[in-house]
Amino acid sequence: MSLPQKSSPSAAPGGGQSYREIADRMKQVQEEQKLVVKRMKEIPYKVAILSSKGGVGKSFVTANLAMALATMGKVVGVLDADFHGPSMPMMLGLRSVRGLLAREDGSIVPAVNVYGVRLVSVGLMLPSDDAPVIWRGALKTNAIRQLLAYTDWEGTQYLLIDLPPGTGDEQLTIAQTIPGLTGFLLVTIPSEVSKIVVKKAAAFAEKLNVPLLGIIENMSYFKCPDGSVQYIFGKGAAEEIAKEYNIPFLGQIPLDPHIREANDNGEPFFLEYPDSEATKSFLDIAKKFIDVVEKGNRAQAQNS
């Protein structure tokens, strides 16, 4: 029986990466995290949009909140962390953009829409709208860290991070990678099913000790041509969550057929229908959101 041989520094356990390759990769990760810390320090407010429930219009809310903030003079960036369903390019009117500009130093320059909202999204890097992103958790974690490390947000005041449904890899990575994350903003619709799932998101934020900045209710009601109001998905879910978790209820977005039309056409709803009730709701929500984030006036936002 032969004795085990001493491993060389370049040996690859099980035919995998060598120890030197692993060490080099760890060093690269550390360097990227240092870059993340440096870049995030330059952005005063970093807010992740969370719901846990799919189908609540979270990306629509993120995009239109970003544009509402931009109309109020805020410099806004959006990081689309929903790699498997990146819809931000369509929501912000950047569907025709293919690719992102990279400088010689390796930094990424975001795409910019008509309101000046800066966007970084995997959707801008895909060859076509129907090209799938087939990534496991580790790849998604690496992608988030690298986008945060190498994107030059250039004076951005608000960074909104659009998250996919759930409380898994992407949500944990954002919470644990961004130093000084301002908080999570919850989005729900009024249904009982959505309420139950979104409460999981609220509990997730509490477990991670990340502040909950408030909740927005999308698809709250439909105003009929005769002026009557129909609560198609139910009523009161967001207010109930706000009370239970003692967070501001920032407002309601009504159902509007024009929202679907604008999204399908890749046109910013906020731009196409500036006088709609939904657009006015976003402007009101943005004012309350600024009050909560910049002034810490949670009680005032709750009562207004």
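Structural data are supplied above this passage.
Our subject in this report is the structure included herewith. (Residues numbered from 1 in each chain as written. Predicted model: local features only at pLDDT ≥ 70, side-chain atom pairs only at ≥ 80, totals over all residues. Heavy atoms only, no water.)

Let's shift gears to the nonpolar core. Core analysis: the largest hydrophobic core is formed by 44 residues, its most contacted members being L65, L69, V78, L92, L160, L185 and F289. Of all the elements, helix α2 (residues 58-71) adds the most residues to this core, at nine residues. Leaving out residues up to four positions away in the same chain, L92 has contacts with A63, M67, V78, N113, V117, L119 and P268. Within the second largest apolar cluster, 43 residues are counted, among which are A81, I161, I247 and F249. (Core = buried A, V, L, I, M, F, W, Y, C linked by side-chain atoms within 4.5 Å. Buried < 20%, exposed > 50% of the residue type's maximum accessible area, 1.4 Å probe, protein only. Helix = DSSP H or I, 4+ residues; strand = E, 2+ residues; numbered from the N terminus. Contact = heavy atoms within 4.5 Å.)

Within strand β9 (residues 212-217), six of the six residues are buried, which leaves the element mostly enclosed by the surrounding structure. Pairing geometry for strand β8 (residues 183-188) and β9, over five bridges, is parallel. Opposite V187, over in β9, you have I216 as the bridge partner. For the crossover that starts at β8, traverses helix α6 (residues 192-207) and ends in the parallel β9, the hand is right-handed. In terms of strand pairing, β9 meets strand β12 (residues 249-252) through three bridges, oriented parallel. In the sheet register, I215 faces β12, and the bridge partner there is F249. (Pairing = 2+ DSSP bridges. Right-handed = clockwise from strand over helix to strand, strands pointing away.)

Okay, a nonpolar patch on the surface next. Together, Y19, I22 and M26 make up an exposed nonpolar region whose accessible area comes to about 290 Å². When you line up the elements, Y19 lands in helix α1 (residues 19-41). (Patch = residues over 30% accessible without salt bridge, like charges linked within 9 Å, V, L, I, M, F, W, Y side chains within 5 Å. Areas by Shrake-Rupley, 256 points an atom, 1.4 Å probe, with all protein chains shown as cover. Salt bridge = Lys/Arg side-chain N within 4 Å of Asp/Glu carboxyl O.)

Our focus in this paragraph is the packing of helix α4 (residues 137-150) against helix α5 (residues 169-177). Taken N-terminus to C-terminus, the directions of α4 and α5 make an angle of 35°; their axes are 9 Å apart at the nearest point. For the element pair α4 and α5, the recorded crossing hand is right-handed. Residues G137, K140, T141, I144, R145 and L148 of α4 form the contact with α5, whose own contacting residues are D169, E170, T173, I174 and T177. Residue composition of the contact of α4 with α5, by class: three nonpolar, four polar and four charged. (Axes fitted to C-alpha atoms, helices over the stretch in contact; angles between N-to-C directions. Left-handed = near helix turned anticlockwise from the far one by under 90°. Nonpolar A, V, L, I, M, F, W, Y, C, P; charged D, E, K, R; others polar.)

Where α6 meets helix α7 (residues 237-245), the closest approach of the two axes is 10 Å, and the angle between their N-to-C directions is 25°. The angle between α6 and α7 falls in the class roughly parallel. Pair α6 / α7 crosses with right-handed handedness. Across the interface between the two elements, K195, V198, K199, A202, A203 and E206 from α6 touch A237, E240, I241, E244 and Y245 from α7. Class assignment of the residues belonging to the contact of α6 with α7 gives a composition of six nonpolar, no polar and five charged. (Parallel < 35°, antiparallel > 145°, perpendicular 65-115°, else oblique.)

We now examine the side chain of T156. Within the secondary structure layout, T156 lies in the loop between α4 and β7 (158-162). Using a relative accessible area of 2% as the deciding quantity, one classes T156 as buried. Here W153 takes part through its backbone oxygen, which lies 2.6 Å from a polar atom of the side chain of T156. If sequence neighbours within four positions are ignored, T156 has contacts with E42, I43, P44, V75, V76, G77 and R118. (Polar contact = N/O pair within 3.5 Å; in protein donor to acceptor, adjacent residues only side chain to side chain.)

Enumeration over the complete set of coordinates arrives at 16 salt bridges. Note that D291 and K295 form a salt bridge whose closest N and O atoms lie 3.6 Å from each other. With D291 and K295 both in helix α10 (residues 277-295), this residue pair falls four residues apart, about one helical turn. Through salt bridges with shared partners, one network takes in R95, R98 and D129.

Attention now moves to the side chain of S52. Tracing the chain through its elements places S52 in the loop between β1 (45-50) and α2. The residues contacting S52, other than those within four sequence positions of it, are P165, G166, T167, V197 and A201.

Counted under the stated rule, the structure contains nine aromatic pairs. Taken together, a centroid distance of 5.3 Å and an interplanar angle of 65° make the contact between F83 and W135 edge-to-face. One end of the pair, F83, is in the loop between β2 (76-80) and α3 (88-91); the other, W135, is in the loop between β6 (118-121) and α4, with 52 residues separating them in the sequence. For W135, a relative accessible area of 31% corresponds to the partly exposed category. An angle of 75° between the planes, with centres 5.6 Å apart, marks the rings of Y115 and F270 as edge-to-face. Remark: F270 occurs in helix α9 (residues 269-272) and Y115 occurs in the loop between β5 (111-112) and β6; sequence separation between them is 155 residues. For Y115, a relative accessible area of 24% puts it in the partly exposed group. Grouped by ring-pair contacts, the aromatic residues F60, F269, Y273 and F282 constitute a single cluster. For the cation-ring pair, K235 lies above Y231, with the distance from its terminal atom to the ring centre recorded as 4.5 Å. (Phe/Tyr/Trp six-rings, centres within 6.5 Å; stacked < 30°, edge-to-face > 60°. Lys NZ or Arg CZ within 6 Å of the ring centre and 35° of its normal.)

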